Amino acid sequence: MKKKLDDAYNPDKQGRKKKIIVALSGGLDSYVMAYLLKVQKYELIAVTIVNSWEDYKGDPQKILACHVTAPKLDEVKEFCHKLGISHHAVKITAEFKESVIVPWIADKVSGKFPKPCWNCHELRLKLLYEKMKELGATQLATGHFAKLFHNDTHGTVFVHSSNDELQDQSALLSRLPHDVLSSLVLPLSDLSKKEVLKLAENFGLLEASRTIIMHECLKNDEELVQTFDKKVPKKLTKEGDITSLDNKENKGQHKGVHFHTLGEVIEYRDGGQQEKNIFAHFSYADKRIVVVPSEFLQRGRLLLRNCHFSEEVTWTEPVKGFIALNPTNYVECWIHPKTLSTVYLELNEKHHVVNGTLVSVFKKKGKNSKVYLTGEILLLVQEEEPREGEIKSVPKVNHAIDY
């Protein structure tokens with residue numbers, strides 16, 4: 001590990017004169033990141049983004065994994081004091097509501113898969129970048145597990161996966177604007193979580209740590225649902241039927257689609273027997289939740305829309321890649337050329353997928369792999385197997401389950 005640190009953090013005298021913003025969330029990774037840069041004698045300025053949803057009267061810690069409480073903010077300030085660096089807290093209320101809460105509410109009432117963590121992450125990095133320029137710094141350091149490669153000839157930045165597959169956050173970074181990416185410094189890029197924990201122990205930081213879990217925000221707890229009901233017009237949260245895909249079988253009723261999330265198991269009684277199916281689609285016009293057997297979501301063909309591509313991507317022919325359905329499940333696939341921010345994927349075998357979730361496609365499987373693209377899954381209604389000798393054709397988008 002010492003060699004990794006020596007190779008990664010050995011700035012020259014000119015480099016040490018540059019101001020670097022260190023993004024401190026109060027999590028262990030950000031503390032270790034700041035400590036590493038400090039011992040290398042960089043000039044640091046710490047910034048903490050403090051989100052605030054003032055309309056919510058309950059405990060924000062229960063619904064926002066990244067919420068910074070007043071005691072946690074005091075702890076961050078104390079850490080900066082010990083490190084001998086200045087600290088700035090940026091409170092976001094209107095921006096947080098506009099960029100995270102409002103889209104989350106819109107997705108919930110329309111039965112789409114919500115993406116609050118992705119929206120929140122992009123907002124935070126945007127605000128950190130703006131603060132970097134305001135404070136006269138030239139770089140922004142974060143505790144992400146990912147790697148960045150700068151092509152000085154073309155002025156581009158390529159995002160690669162980290163050495164720790166379970167902790168990898170390259171997909172998050174790959175959707176950031178080029179200006180933000182080009183300013184980023186990632187001190188943990190060559191380290192694993194195990195090595196970071198060892199460094200934290202050596203630095204005496206373990207007692208000041210906390211775990212921030214992605215995609216754990218805005219879950220349907222009772223207080224949150226009550227707040228939702230008060231803030232959203234009743235006509236948008238009406239109850240409705242639960243039916244089969246062809247609308248021929250009524251499976252029961254729901255109290256409002258905001259009580260559910262795409263991909264979850266919904267239980268109901270069918271002919272006196274308890275049944276379980278998967279929430280696959282919501283028909284907004286008649287407030288109808290469509291449920292399907294789990295095998296329906298086993299797919300070998302996918303459309304990805306709203307894609308964000310690596311600047312290197314200029315395909316004219318299908319390219320082999322690996323779609324990351326989760327941190328431990330990389331599936332080989334063929335990527336067909338993009339059109340209108342949409343790509344068509346053929347997987348080498350069928351896998352369970354959920355409509356509307358964001359996924360990443362990598363050049364290869366595992367560590368240090370270039371991120372080709374990230375996109376939102378759009379399921380095809382049916383998959384007809386081609387006849388022997390027949391070439392598979394790329395289906396049209398209007399043959400898909402859409403909203």
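The rules behind these values
Residues numbered from 1 in each chain as written. Predicted model: local features only at pLDDT ≥ 70, side-chain atom pairs only at ≥ 80, totals over all residues. Heavy atoms only, no water. Helix = DSSP H or I, 4+ residues; strand = E, 2+ residues; numbered from the N terminus. Buried < 20%, exposed > 50% of the residue type's maximum accessible area, 1.4 Å probe, protein only. Contact = heavy atoms within 4.5 Å. Areas by Shrake-Rupley, 256 points an atom, 1.4 Å probe, with all protein chains shown as cover. pLDDT = per-residue confidence, 0-100. Pairing = 2+ DSSP bridges. Axes fitted to C-alpha atoms, helices over the stretch in contact; angles between N-to-C directions. Arc of directions from axis to C-beta. Core = buried A, V, L, I, M, F, W, Y, C linked by side-chain atoms within 4.5 Å. Disulfide = S-S within 2.5 Å.

Observations regarding the overall build of the protein chain
When its secondary structure is counted, the protein chain shows 10 helices and 18 strands. Expressed as a percentage of its 403 residues, the buried residues of the protein chain come to 52%. Nonlocal contacts in the protein chain, meaning residues at least 24 apart in sequence, comprise 67% of its contacts between residues at least 6 apart. By element, 48% of the accessible surface of the protein chain is carried by carbon and sulfur atoms, the whole surface being about 20,300 Å².

Quick notes on the confidence of the model for the protein chain
On average, residues of the protein chain score 85 in pLDDT, and 86% of them are at 70 or above. At the level of individual helices and strands, the protein chain shows its lowest average pLDDT in helix H1 (residues 2–8), which scores 52, and its highest in strand S4 (residues 139–141), which scores 97. Predicted confidence for residues 381–403 stays below pLDDT 50, and this span has 46 contacts to residues more than four positions away or in other chains.

A short note on the environment of Leu-44
On the secondary structure map, Leu-44 appears in strand S2 (residues 43–51). For Leu-44, a relative accessible area of 6% gives the class buried. With sequence-adjacent residues up to four places away left out, Leu-44 is seen in contact with Ile-20, Val-22, Ala-34, Leu-37, Lys-38, Ile-85 and Ser-86.

Quick word on the sheet that holds strand S16 (residues 343–352)
The sheet built from 6 strands closes into a barrel, its strands ordered S13-S16-S15-S14-S17-S18 with antiparallel pairing. Mean inter-strand twist for the sheet, computed between neighbouring axes without regard to direction, equals 40°.

Observations concerning helix H9 (residues 193–203)
Residues separated by three or four positions in an α-helix point in the same direction, a consequence of the helix having 3.6 residues per turn. Restricting attention to buried positions, one finds in H9 the residues Glu-195, Val-196, Leu-199 and Ala-200. Each buried residue of H9 lies within a common arc of 145° when the element is viewed along its axis, so the set occupies one face.

Some words on the nonpolar core
Formed by 48 residues in total, the largest nonpolar core has its most connected members in Trp-53 and Leu-218. Per-element tally for this core: the top contributor is helix H6 (residues 116–134), with 8 residues. Beyond its immediate chain neighbours, meaning those up to four positions away, Trp-53 contacts Ile-63, Phe-96, Ile-101, Trp-104, Leu-218 and Leu-224. Within the second largest apolar cluster, 28 residues are counted, among which are Leu-302, Cys-307, Phe-309 and Cys-333.

Let's talk about the state of the cysteines
In total, this model carries 0 disulfides according to the counting rule given. In this model Cys-117 remains outside any disulfide bridge; the closest cysteine sulfur is found in Cys-217, 4.2 Å from its own. In this structure Cys-117 comes out as buried when scored by relative accessible area, which is 9%.

Quick word on the sheet that holds strand S3 (residues 86–92)
Taken in spatial order, the 5 strands line up as S3-S2-S1-S4-S7 in an open sheet, and their pairing is parallel. Where the open sheet ends on each side, the last strands, each with one partner, are S3 and strand S7 (184–185). Bridge count between S2 and S3: 7 bridges; the pairing is parallel. Looking at S3, one finds that Ile-45 is bridged to Ser-86. Relative to the sheet, H6 contacts strand S1 (19–23), S2, S3, S4 and S7, its axis offset from that of S2 by approximately 140°.

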